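This is what each chain is made of:
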Amino acid sequence: MLAGGAIVTSGRWAAGAGRGAAGGGVPDFPVVRTPEGKRKFKSLAVEKVIREIRENIGNKEIGWLFENCFPNTLDTTVDFSVADGKPDTYVITGDIDAMWLRDSSAQVWPYLSLCKEDPALQQLIRGVIRRQVSCILRDPYANAFYKDVNRVSEWKKTDITDMKPGIHERKWEIDSLCYPIRLAHGYWESTGDTSPFDADWLAAMGKVLRTFREQQRKDGQGPYTFQRTTSWATDGVPMGGYGYPTKKVGLIHSMFRPSDDATIYPFLIPSNLFALSSLRNLRTLLQSLGVGKELDGPAFALETDLVNALNDHAVITHPVFGEVFAYEADGFGNHTLMDDANVPSLLALPYLQSAHFTGDLSVLNIDKRGFSVYQNTRRMLWSEANPFFFKGKEGEGIGGPHAGLDMIWPISIIMKALTSHDSQEIAACLKQLQHCHAGTGFMHESFHKDDTAKYTRKWFAWANTLFGELVLRTYRRSPALLS
């Protein structure tokens, strides 16, 4: 998402400059949430939990941030309608008028736990699932789409790929097809509602499996290539748009990372691990619903390939940290050792990994190899051994090439807390997040390690809603950390 490169400088608000309690707000903090009359969607369950947390936690700044951030996706980014008698929800990322399969899934995920008490919220998320199905059926290799299926992208002028109308960008990323499965499975688990899983959904899942199989590239390079006329190396794919050579070991090739930056080695390990979990979730869903029996065999075959290949190629021995997960691999023995803040990341593996997956590389089961490998990896990532770990006067965290050196992504700090069982570590993350918003009341894409007022993207709904998920989970599990 190219717009993420712009740095915004913002001064802090002055203490006492905001509305008082008599005005219905949090004392001493300014009103920054979108006015009620201009909000895109209102959820009674979301408003209820905002009031509850704001009234019951001692840290009033965290409560104010939660009030601003948690509903930001609903307030500003959703476009809900009914098409052909079914809900249809288009979700933009914030400051870019396009719907990413990844971002749209991640943006509404934190609301799933509230769905049972809010039928309107259920309908909204059913609409997201339906819109994602239509996107996948249009082009499973695209990462971002327009609401208007006839709109032609600005990238049409620069991108050498099969660019169809209605597509904003066509960067092939494994996670683009994993997130819709995660959302569908999570929605079903939370609500028991099976109405989204119709013939179109099954057809889309068939396309997902076919695309994963094509990008194993066991039978040739496959149909996807991408090149862009640009001076940015991270926006282009070498070797005629197919990427650097790989040994065909059963892993799925990904030409781009979740940051929308090109991979170095095409086997992106966190995304392949995410695909493994997604396949397990898909099979669980299909079997529970008693539908799509013709998809179970291909999904199981892919799952088996990934298990075997990840066991052989995902883990390497680091001279300091021991066995760790590599970020990328090529099947020939070459790897990149790093992490990128965008999710799926190595840091986020416990957040994304399905509880249905209990194999040797499970990072959730303490008796499995994957658990200890992840703990080693976690220590490596939050250290100078990770070239995209930055530490300065205003904080520490992981960034990535997309926003540049010394730029910390709040998403990495949020994800560190969401994957932690250490109350002191979670408290430290919350404290850092409380002080990185530069007086705006919202999370950003990134901020400079020495100056939080230098940040990218003032409107980035994924980071906002994810922060809300962290606060809500902390409130439910360890409310004392919010005192």
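Before any of the text, the structure's been laid out above.
The structure presented is a predicted model; accordingly, all values stated were derived computationally and were not measured. Residues take numbers from 1 onward in each chain, read along the sequence in its written order. Predicted model: local features are reported for residues with pLDDT of at least 70 only, side-chain atom pairs are reported and counted for 80 or more only, and whole-chain, interface and lining totals are derived from all residues. Each side-chain value is derived from all of the structure's non-hydrogen atoms; neither hydrogens nor water enter the calculation.

Visitor: Looking at this structure, I do not really get the overall build of the chain. What am I missing?
Guide: What counts as a helix is a DSSP run of H or I of at least four residues, what counts as a strand is a run of E of at least two, and both are numbered from the N terminus. Secondary structure assignment for the chain yields 15 helices and 18 strands. Computation of the radius of gyration draws on C-alpha atoms, with the globule rule given as 2.2 Å multiplied by the number of residues to the power 0.38. For the chain, the C-alpha radius of gyration of 21 Å lies close to 23 Å, the compact-globule estimate for 483 residues. The contact criterion used is simple: two residues touch if any of their non-hydrogen atoms lie within 4.5 Å. Sequence-distant contacts, at least 24 apart, represent 68% of the contacts inside the chain between residues at least 6 apart. Positive and negative side-chain charges of the chain, numbering 53 and 55 respectively, have mean locations separated by a distance of 2 Å. Neither His nor the chain ends contribute to the count of charged residues, in which Lys and Arg are positive and Asp and Glu negative. Charge coordinates come from a single atom per side chain, which is NZ of Lys, CZ of Arg, CG of Asp or CD of Glu.

Visitor: What is the right way to read the pairing of strand 2 (residues 78–83) from this model?
Guide: Each regular strand carries side chains that alternate between the two faces of the sheet. If DSSP finds at least two bridges between two strands, the strands pair. As paired strands, strand 2 and strand 3 (residues 86–91) are joined by 6 bridges and run antiparallel to one another. Counterpart to Ala83 in the pairing with strand 3 is Lys86. Linking two consecutive strands that pair antiparallel, namely strand 2 and strand 3, is a turn of 2 residues; a positive phi of about 55° is found at Asp84 within it.

Visitor: Looking at this model, I keep getting lost on the environment of His356. Mind explaining?
Guide: Note that His356 resides in the loop between helix 11 (349–352) and helix 12 (369–381). Working definition: with a 1.4 Å probe on protein chains only, accessible area under 20% of the residue-type maximum means buried, over 50% means exposed, and in between means partly exposed. Judged by relative accessible area, His356 falls into the partly exposed class, the value being 31%. For His356 and Arg283, which are 73 residues apart along the polypeptide, the C-alpha to C-alpha distance reads 9.9 Å. If we skip the residues at most four places from it in the chain, His356 touches His185, Glu189, Arg280, Asn281 and Thr284.

Visitor: Sorry, what's going on with the environment of Phe226 here?
Guide: Here Phe226 lies in the loop between helix 7 (199–214) and strand 8 (227–228). When its relative accessible area of 0% is taken as the criterion, Phe226 is described as buried. Sequence separation between Phe226 and Thr161 is 65 residues; the distance between their C-alpha atoms is 5.1 Å. Every residue in contact with Phe226, bar those within four places of it in the chain, is listed here: Asp159, Ile160, Thr161, Arg170, Lys171, Asp235, Val237, Gly241 and Phe256.

Visitor: Is there a simple way to think about the layout of surface pockets in this case?
Guide: Empty pockets left among the atoms are what a rolling probe the size of a water molecule brings to light. In this analysis a 1.4 Å probe is tested at points of a 1 Å grid over the protein atoms alone, and where it fits but cannot get out there is a cavity; an open set with protein on both sides within 12 Å along at least five of seven lines is a pocket; lining residues have an atom within 4 Å of a point. Grid points are joined across faces, edges and corners, and a volume is the space filled by probe spheres set on the points. Roughly 910 Å³ of volume is contained in the largest pocket. Every residue lining the largest pocket is counted, 31 residues in all, and those nearest its centre are Trp109, Arg182, Tyr351, Arg473 and Arg477. Every element with two or more residues in the lining of the largest pocket is listed here: helix 6 (174–191), helix 11, helix 12 and helix 15 (461–477).

Visitor: Whenever I open this one, the packing of aromatic side chains confuses me. Can you help?
Guide: For any pair of aromatic rings, geometry is given as the distance between the ring centres together with the angle between the planes. Pairing of aromatic side chains requires ring centres within 6.5 Å, counting the rings of Phe and Tyr and the six-membered ring of Trp. Pairs whose planes differ by under 30 degrees are stacked, by over 60 edge-to-face, and all others tilted. All chains considered together, the criterion is met by 13 aromatic pairs. Arranged with centres 5.2 Å apart and planes meeting at 90°, the rings of Phe226 and Phe256 form a pair that is edge-to-face. One end of the pair, Phe226, is in the loop between helix 7 and strand 8; the other, Phe256, is in the loop between helix 8 (238–241) and strand 9 (267–268), and 30 residues separate them in sequence. Here the two residues Phe226 and Phe256 agree in accessibility, since each one is buried. Ring plane angle 80° and centroid distance 6.4 Å describe the contact between Trp409 and Phe460, whose orientation is recorded as edge-to-face. Highlighted residues: Trp409 in the loop between strand 16 (407–408) and helix 13 (410–418) and Phe460 in the loop between strand 18 (451–456) and helix 15, separated in sequence by 51 residues. One exposure class covers both Trp409 and Phe460, and it is buried.

Visitor: Honestly, the pattern of salt bridges in this entry has me stumped. Any pointers?
Guide: Where charged atoms from two side chains of opposite charge come close, those side chains can pair. Salt bridges are identified by distance alone: a Lys or Arg side-chain nitrogen within 4 Å of an Asp or Glu carboxyl oxygen. Scanning the model with the defined rule gives 34 salt bridges in all. Residues Arg131 and Asp88 are paired through a salt bridge, measuring 2.8 Å at the closest nitrogen-oxygen approach. In this pair, Arg131 sits in helix 5 (residues 119–138) while Asp88 sits in strand 3, placing the two residues 43 residues apart along the sequence. Judged on exposure class, the residue Arg131 and its partner Asp88 are both buried. Arg228 is paired through a salt bridge with Asp159; the nearest N and O atoms lie 2.6 Å apart. Of this pair, Arg228 sits in strand 8 while Asp159 sits in strand 6 (residues 159–160); the two residues are 69 residues apart in sequence, bridging distant segments of the chain. Overall, Arg228 belongs to the buried group, its relative accessible area being 10%. Assessed through its relative accessible area of 7%, Asp159 is described here as buried.

Visitor: Would you take a moment to explain the packing of helix 5 against helix 7 for this structure?
Guide: Packed helix pairs are specified by the crossing angle of their axes together with the interaxial distance, meaning the distance between the axes. Note on geometry: axes are C-alpha line fits, over the in-contact stretch for helices, and angles between N-to-C directions span 0 to 180 degrees. Where helix 5 contacts helix 7, the axes come no closer than 9 Å and their chain directions differ by 50°. Taken together, the axis directions place helix 5 and helix 7 in an arrangement best described as oblique. Where helix 5 crosses over helix 7, the two elements pack in a sense that is left-handed. Residues Ile129, Val133, Ile136 and Leu137 of helix 5 pack against Asp200, Trp201, Ala203, Ala204, Lys207 and Val208 of helix 7. The nonpolar class holds Ala, Val, Leu, Ile, Met, Phe, Trp, Tyr, Cys and Pro. Asp, Glu, Lys and Arg form the charged class, and all remaining residues, Gly among them, are polar. When the residues that make up the contact of helix 5 with helix 7 are grouped by side-chain class, the tally is 8 nonpolar, no polar and 2 charged. Roughly parallel means an angle under 35 degrees; roughly antiparallel means over 145; roughly perpendicular covers 65 to 115; every other angle is labelled oblique. Crossing handedness: left-handed means the near helix sits turned counterclockwise from the far one by under a right angle, and right-handed means the same turn made clockwise.

Visitor: Help me out: how do you make sense of the packing of helix 7 against helix 9 (residues 269–289) in this one?
Guide: Closest axis-to-axis distance for the helix 7/helix 9 pair is 13 Å, and the angle between their directions is 145°. Of the two possible hands of crossing, helix 7 and helix 9 adopt the one that is left-handed. Listed contacts from helix 9 to Trp201, Leu202, Met205, Leu209 and Phe212 of helix 7 are Ala275, Leu279, Leu282, Leu285 and Leu286.

Visitor: I would appreciate a short explanation of unusual backbone geometry in the present structure.
Guide: With glycine set apart, most residues show a phi of negative sign, and most peptide bonds adopt trans. Here the bond from Val343 into Pro344 is cis, since omega is 15°, no more than 30 degrees from zero. Here Pro344 lies in the loop between strand 13 (335–336) and helix 11. Residue Met239 is not a glycine yet carries a positive backbone phi of 60°. Note on placement: Met239 falls in helix 8. The phi dihedral of Asp260 is positive, around 70°, even though this residue is not glycine. Considering the arrangement of structural elements, one finds Asp260 in the loop between helix 8 and strand 9. Judged by relative accessible area, Asp260 falls into the buried class, the value being 0%.

Visitor: Hey, could you run me through the pairing of strand 11 (residues 322–325) in this one?
Guide: With 4 bridges connecting them, strand 10 (residues 315–318) and strand 11 associate as antiparallel partners. Bridge pairing links His318 to Gly322 in strand 11. The loop that links strand 10 with its antiparallel partner strand 11 comprises 3 residues.

Visitor: Would you explain empty space enclosed by the protein in this entry?
Guide: This model, assessed by the stated rule, comprises 3 cavities of 30 Å³ or more. A volume near 40 Å³ is recorded for the largest cavity.

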